[in-house]
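Commentary on secondary and tertiary structure
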Amino acid sequence: MKRKFTIGLCFHYSYHLRILLITFFSTTYCRVLFRLKGIALGKRSRFIGVPITYVYPGSKIVLGDNLEIRTAAISNFIGLNRRSIIATHDDTAQIILGDHCGLSGVVIGAKQSIIIGNQVMIGANVLITDFDWHALNPSERSEGVSSQSKPVNIEDNVFIGYSSTILKGVHIGKNVVIGANSVVTKDIPANSIAVGNPCKVISKVLQC
Ligand SMILES: CC(C)(COP(=O)(O)OP(=O)(O)OC[C@H]1O[C@@H](n2cnc3c(N)ncnc32)[C@H](O)[C@@H]1OP(=O)(O)O)[C@@H](O)C(=O)NCCC(=O)NCCS
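Residues numbered from 1 in each chain as written. Predicted model: local features only at pLDDT ≥ 70, side-chain atom pairs only at ≥ 80, totals over all residues.

Observations regarding helix α1 (residues 2-37)
We count it as follows: Labels follow the DSSP assignment, with helices taken as runs of H or I lasting at least four residues and strands as runs of E lasting at least two, numbered in each case from the N terminus. Multiply 1.5 Å by the residue count of a helix minus one, and that product is the helix's expected span. Field definition: a residue is buried when 20 or more other C-beta atoms are found within 10 Å of its C-beta, exposed when 12 or fewer are, and partly exposed for counts in between, with C-beta atoms placed from the backbone. Throughout, a residue-residue contact means that the two C-beta atoms, derived from backbone geometry, are no farther apart than 7 Å.
With 36 residues, α1 extends 51 Å between its outermost C-alpha atoms, agreeing within 8% with the 52 Å of an ideal straight helix rising 1.5 Å per residue. Burial runs low along α1: only three of the 36 residues are buried. If you check which residues of α1 are buried, you get Ser26, Cys30 and Phe34. On its buried side, α1 packs onto β1 (40-41) and β2 (46-48). The positive-phi residue at the C-terminal boundary of α1 is glycine 38, with phi of around 80 degrees.

Some points on unusual backbone geometry
Between asparagine 197 and the following residue, proline 198, the backbone shows a cis peptide bond with an omega angle of -5 degrees. The topology assignment puts proline 198 in the loop between β19 (192-195) and β20 (200-204). Of note, histidine 100 is a non-glycine position whose phi angle comes to about 60 degrees, a positive value. Here histidine 100 is to be found in the loop between β7 (94-97) and β8 (102-104). Despite not being glycine, asparagine 125 has its phi angle at roughly 65 degrees, a positive value.

Topic: the sheet that holds strand β3 (residues 52-54)
We apply this condition: Paired strands are those between which DSSP finds at least two bridges.
In spatial order, the strands read β3-β6-β9-β12-β15-β18; together these six strands make up an open sheet with parallel pairing. A single partner strand is all that each edge strand has here, and the edge strands are β3 and β18 (183-184). The pairing of β3 with strand β6 (residues 85-88) spans three bridges and is parallel. Across the sheet, residue threonine 53 finds its bridge partner in β6, namely isoleucine 86.

As for the sheet that holds β1
The six strands are arranged β1-β4-β7-β10-β13-β16 in an open sheet whose pairing can be described as parallel. Of all strands in the sheet, those with a lone pairing partner are β1 and β16 (171-172), marking the two edges. As judged from the two bridges shared by strand β13 (residues 152-154) and β16, these two strands associate in the parallel manner. Residue asparagine 153 lies in a different strand from β16, and its bridge partner there is histidine 171.

Points about the pairing of β7
Burial along β7 is one-sided: Ile95 and Leu97 are buried, while Gln94 and Ile96, pointing the other way, are not. Here strand β4 (residues 60-63) pairs with β7 via four bridges, running parallel. The residue bridging valine 62 from the neighbouring strand is isoleucine 96, located in β7. By the bridge criterion, four bridges tie β7 to strand β10 (residues 113-116) in an arrangement that is parallel. Bridge pairing in β10 links isoleucine 96 to isoleucine 115.

Okay, structure coming up:
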């Protein structure tokens, strides 16, 4: 029994050592890379694996303090399907991410504006986008005409569940919880729990 426990402990420490090393090298690399790319990055943010970032010339990406951005598959036991991606898709686009946010395999794609507040927990494999990526009209789509975009705003203390999708024009109020696998197409008022596809409010968040 004691032997089993000791072996378990070795695996436990080797896992954490691996995470520490990945974090050290990824964070150092991201700091240099982001400076070169013109991405503003606050203090004390940690990267576990290197996210994909793309800054459309002229656009703006501002990342806050104390972020934890996970990209390496082993960084989260909930299971990341992909790398985190933060990308702007037009010269006037902006992505602003507040302080103390956590992202795991999250894709944020902005053609206009995505603003995320402080203390926002964004669950694994979530997509947040402010445009449709392809025009809805078939002839415009085949001609490569750009799709419509509407700003997305996510306020402080929001928790977005695993694999959810936040679509264009959505405003999510403070303290909201979005259930796993939800598709958010309309505004969600502050202090509510909302779930499903399309995402609807089911209850209020209990305040301590
Ligand atoms: C949204 C959530 C917080 C609700 O938890 P809860 O308050 O304990 O709610 P309950 O489990 O009592 O469910 C309430 C109702 O919502 C439904 N529901 C809960 N989560 C749902 C979801 N993700 N999608 C659709 N319906 C959901 C339940 O079926 C239930 O329906 P009913 O009243 O008709 O029986 C939770 O279900 C959830 O999705 N958590 C996210 C976990 C997660 O993704 N973590 C991220 C890790 S990266």
